[in-house]
Amino acid sequence: MKILVTGSTGQLGQELRKIAQEYDYEFVFTNSADLDLRDMPRVSDFIRYEGFDWIINTAAYTAVDKAEEEKDEAFLVNSMAVFNMVQAAEWIGAKFIHISTDYVFDGLKSTPYTEQDDINPLSVYAQSKADGEKYVLKYNFGMVIRSSWLYSEFGHNFVKTMLRLASERDEISVVYDQVGSPTYALDLARMIMRIIDNHRSQQVLFQPGLYHFSNEGVASWYDFAHSIFEYMDKDIFIKPIRTSEFPRPAQRPAYSVLDKSKLKALYNISIPHWRDSLKNALQRIVDSL
């Protein structure tokens, strides 16, 4: 079994790399330095020549605000490169798992978003990710997993930012009117590998389509920050502010909690609550700083 993981220097890619040794598969990890997804002929040739059984695409243009100015770049990586990889995957019959985002929703709901809910992207980044989803979902062996508020010991994320700010100041302002579900990237990585393992053992054969995965529970960014400092026993004053008090180029959904019922039922799993996963992850994150 040969598995390609793109975006291997990102949060999810590095978590997959970390746990790869637990599995008896042949993994090939690539990043933008050794396989630039914008070089579409090279990517297509590489996938076809290597003959992968599975492709896990964790690569993405994720600079949400910068994408408002770099629209072409965002669509090139998040949409056209995905189309190119899907075509190459179809050529060799590889199963394709693609990671997407809660940002494809407009946040106007007040109950968790299901896979059947209509999307309405509010930003260039969100629209580029929505376009990429369409190409994967047209493929007979394509699976899209939307996730949200990813953090880990790797890369840049909210948890690391809060810990850094706490070392520099006594007061931090955090928005309280954006609500979602923080997700530990390691939990998502293990879910992806469960999908592959279950298919190999024929417990649950691969079922293409659209799925949601995040940690359980609901939080605002303010709640998230409060829990970080609570678990770290840091005496930091967190000032709750509205999104309008912290204007940014790209609009975010005010509510983007994901309903995971479909994935939980298919794989008969329970997903950790975000506070439990955060508590387990924090020491690793602190050690990485």
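Below: a short report on this structure. Not measured: the values here are computed from a predicted model. (Residues numbered from 1 in each chain as written. Predicted model: local features only at pLDDT ≥ 70, side-chain atom pairs only at ≥ 80, totals over all residues. Heavy atoms only, no water.)

**Regarding the sheet that holds strand 3 (residues 54–57)**
Here comes step 1: Strand order in this open sheet of six strands is 2-1-3-4-5-10, and the pairing throughout is parallel. The strands lining the two open edges of the sheet, one partner per strand, are strand 2 (26–29) and strand 10 (209–212). Within the sheet, the average angular offset between the axes of one strand and its neighbour, ignoring direction, is 20°.
Here comes step 2: Alignment of strand 4 (residues 95–101) against strand 5 (residues 142–147), held across six bridges, turns out to be parallel. What sits directly across from His98, in strand 5, is Val144.
Here comes step 3: Relative to strand 4, helix 3 (residues 71–92) is tilted by about 160°, and along the sheet it contacts strand 1 (2–6), strand 3 and strand 4. (Pairing = 2+ DSSP bridges. Helix = DSSP H or I, 4+ residues; strand = E, 2+ residues; numbered from the N terminus. Axes fitted to C-alpha atoms, helices over the stretch in contact; angles between N-to-C directions. Contact = heavy atoms within 4.5 Å.)

**Thoughts on unusual backbone geometry**
Here comes step 1: In the Ramachandran plot, Trp149 falls in the positive-phi region, its phi being about 45° despite a non-glycine side chain.
Here comes step 2: Note that Trp149 resides in the loop between strand 5 and strand 6 (150–151).

**A word on the pairing of strand 5**
Here comes step 1: By the criterion of burial, strand 5 is predominantly enclosed, with six of the six residues buried.
Here comes step 2: Because side chains alternate across strand 5, one face comprises the buried residues Gly142, Val144 and Arg146, and the other comprises Met143, Ile145 and Ser147, equally buried.
Here comes step 3: Between the parallel elements strand 4 and strand 5, the chain passes through helix 4 (residues 124–137) in a crossover that is right-handed.
Here comes step 4: One ladder, built from four bridges, connects strand 5 with strand 10; its direction is parallel. The partner of Met143 across the bridge, within strand 10, is Gly209. (Buried < 20%, exposed > 50% of the residue type's maximum accessible area, 1.4 Å probe, protein only. Right-handed = clockwise from strand over helix to strand, strands pointing away.)

**Observations regarding the pattern of salt bridges**
Here comes step 1: In total, this model carries 17 salt bridges according to the counting rule given.
Here comes step 2: With a shortest N-O distance of 3.9 Å, Lys134 and Asp131 are connected by a salt bridge. Here Asp131 and Lys134 lie together in helix 4, a separation of three residues that amounts to about one turn.
Here comes step 3: Under the relative-accessibility criterion, Lys134 is labelled partly exposed at 46%.
Here comes step 4: Of the charged contacts in the structure, one is a salt bridge between Glu230 and Arg275, with a shortest N-O distance of 3.3 Å. Taken together, the residues Glu230 in helix 7 (residues 221–232) and Arg275 in helix 9 (residues 274–288) connect sequence positions 45 residues apart.
Here comes step 5: Overall, the relative accessible area of 41% leaves Glu230 in the partly exposed class.
Here comes step 6: Overlapping salt bridges bring together Glu15, Lys18 and Glu153 as one network. (Salt bridge = Lys/Arg side-chain N within 4 Å of Asp/Glu carboxyl O.)

**Quick look at the packing of aromatic side chains**
The relation between two aromatic rings is expressed through the spacing of the ring centres and the mutual angle of the planes.
Here comes step 1: For the structure shown, the criterion picks out 17 aromatic pairs.
Here comes step 2: Relative to Tyr25, the ring of Tyr23 lies with its centre 6.2 Å away and its plane at 10°, an arrangement referred to as stacked. For the pair Tyr23 and Tyr25, a shared accessibility class is recorded, and that class is buried.
Here comes step 3: Aromatic side chains Tyr113 and Tyr255 sit 6.4 Å apart centroid to centroid with 45° between the ring planes, which places their arrangement in the tilted category. Separated by 142 residues along the polypeptide, Tyr113 in the loop between strand 4 and helix 4 and Tyr255 in the loop between strand 12 (237–241) and helix 8 (261–267) bring together distant segments of the chain.
Here comes step 4: Residue classification places Tyr255 among the buried positions, given a relative accessible area of 13%.
Here comes step 5: Taken together, Trp149, Tyr151, Phe158, Tyr184, Trp221, Phe224 and Trp274 form an aromatic cluster joined through their ring pairs.
Here comes step 6: In this structure, Lys95 packs its charged tip against the face of Phe141, placed 5.3 Å from the ring centre.
Here comes step 7: Positioned above the aromatic ring of Tyr211, the side-chain terminus of Lys262 is 4.4 Å from the ring centre. (Phe/Tyr/Trp six-rings, centres within 6.5 Å; stacked < 30°, edge-to-face > 60°. Lys NZ or Arg CZ within 6 Å of the ring centre and 35° of its normal.)

**Some remarks on the environment of Asp223**
Here comes step 1: One can find Asp223 in helix 7.
Here comes step 2: A relative accessible area of 34% means that Asp223 is categorised as partly exposed.
Here comes step 3: Along the sequence, Asp223 and Val174 sit 49 residues apart, while their C-alpha atoms lie 9.1 Å from each other.

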